[in-house]
Amino acid sequence: MRVEMLSDHGGALLRGSRDRLRGAVAIAQLEYRQAWAHVRAVHRARSLWRRVRGAAPAAEQQPGSPGGTWQEVLLAREDRVATCWGGDPLTAALGVLPDDWVMLRGYRNRRGETDHVLVGPQGIWAVAVKRRRIRLHAVGDRWWWEKLDARGRSIETGWAVEGGRSWARQVNDIADDLAAWLRRNRHDVPVRTAVVLLHEQAQLGRCQDPTVSLVGTGPTQLLEALARYAAPLAAPEIADLVRRDHAFHQRRRDRRL
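Residues numbered from 1 in each chain as written. Predicted model: local features only at pLDDT ≥ 70, side-chain atom pairs only at ≥ 80, totals over all residues. Heavy atoms only, no water.

## Notes on the overall build of the protein chain
Right, on to step 1. A tally of helices and strands in the protein chain yields six helices and twelve strands.
Right, on to step 2. Evaluated residue by residue, the protein chain yields a buried proportion of 42% over its 257 residues.
Right, on to step 3. Nonlocal contacts in the protein chain, meaning residues at least 24 apart in sequence, comprise 64% of its contacts between residues at least 6 apart.
Right, on to step 4. Accessible surface, the protein chain: about 14400 Å² in total, of which carbon and sulfur atoms supply 51%. (Helix = DSSP H or I, 4+ residues; strand = E, 2+ residues; numbered from the N terminus. Buried < 20%, exposed > 50% of the residue type's maximum accessible area, 1.4 Å probe, protein only. Contact = heavy atoms within 4.5 Å. Areas by Shrake-Rupley, 256 points an atom, 1.4 Å probe, with all protein chains shown as cover.)

As structure tokens, then:
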């Protein structure tokens, strides 16, 4: 499989997130050092008080452990590392595809941007990648998640929505617009859609009639779906049309900036 970068908007967002994480880590390190300095000061004061009075004051509070803040930073850093490197397992797994398949990264049209468009002799797919430690539930177009801690326990819930659209609707809108463009160019072919969770601790919860062709938790499931929905396709022509469509919408965005 060949890989082409159409745009690196997602990479720019990741680099910005990485810079913000470095700032957060620096702040947390400072807070960590300050907390330990406070603990040592309290211990010194306690020892002095005991020497003077023979006992600690009744109102003295047991200092909390400063480790909590630092542990939270480590967990955040772990999630961010998964975000930065989460695309590699997908590319590596799909590397078993022959060279008549092409992965077009960062495809954009008037309905938004998706991580990958896969084009090959057996089909075309719009693929959205989510790199989060969550348990995802998908019932029709209603998607929600449970955030998991490092031990797999649910600690938070929320709707799987970005920009007012569910994750399914986002990728489906992009795929529908791409399919319409292909039809205008005499290629009436389906554009399959997939949402893939790539965090190693991600889980799939309730899944009932999802509105995408695949919702999964690993690259292998995407490979299986490529075979399951295989349909003959003039891949070189389709890939060129995808590039042209992306370039057209990219020029429009550049003119608006």
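## Section: the nonpolar core
Right, on to step 1. Formed by 36 residues in total, the largest nonpolar core has its most connected members in Val 119, Ile 124 and Trp 143.
Right, on to step 2. Contributions of two or more residues to this core are made by β2 (102–109), β3 (112–120), β4 (123–130), β5 (134–139), β6 (142–148), α4 (167–184), β10 (191–197) and α6 (235–256).
Right, on to step 3. Looking at this core, the element that brings in the most residues is α4, giving nine residues.
Right, on to step 4. Apart from residues no more than four positions distant in its own chain, Val 119 is found in contact with Asp 100, Trp 101, Val 102, Leu 104, Ile 124, Leu 233, Ala 235, Ile 238, Ala 239 and Val 242.
Right, on to step 5. Grouped together as the second largest cluster of nonpolar side chains are 17 residues, Leu 94, Trp 101, Val 129 and Leu 198 included. (Core = buried A, V, L, I, M, F, W, Y, C linked by side-chain atoms within 4.5 Å.)

## Overview of the sheet that holds strand β11 (residues 203–208)
Right, on to step 1. With mixed pairing, the four strands of this open sheet are ordered in space as β7-β6-β5-β11. Every interior strand has two partners, whereas the edge strands, β7 (154–159) and β11, have only one. Each neighbouring strand pair of the sheet contributes to a mean axis angle of 15 degrees, computed without reference to strand direction.
Right, on to step 2. Bridging between β5 and β11 involves four bridges; their strand directions are parallel. Bridge pairing in β11 places Val 139 opposite Gln 208. (Pairing = 2+ DSSP bridges. Axes fitted to C-alpha atoms, helices over the stretch in contact; angles between N-to-C directions.)

## Examining helix α5 (residues 219–228)
Right, on to step 1. The complete set of buried residues in α5 reads Pro 219, Leu 222, Ala 225 and Leu 226. Across the axial projection of α5, the buried residues extend over an arc of 115 degrees, all falling on one side. Away from its buried face, by an angle of more than 90 degrees, α5 presents the exposed residues Thr 220, Ala 227 and Arg 228. (Arc of directions from axis to C-beta.)

## Section: the sheet that holds β3
Right, on to step 1. Read from one edge of the open sheet, six strands run β1-β2-β3-β4-β10-β12, paired in mixed fashion. A strand with exactly one partner marks an edge of an open sheet, and here the two such strands are β1 (2–5) and β12 (214–216). Averaged over all adjacent pairs, the angle separating strand axes in this sheet is 25 degrees, with direction ignored.
Right, on to step 2. Pairing between β10 and β12: three bridges, direction parallel. Paired with Val 195 across the bridge in β12 is Val 215.
Right, on to step 3. Here α5 sits on the sheet and contacts β3, β4, β10 and β12; the angle it forms with β12, its principal contact strand, is near 160 degrees.
Right, on to step 4. Across the sheet, α6 touches β1, β2, β3 and β4, and the angle it forms with β2 is around 35 degrees.

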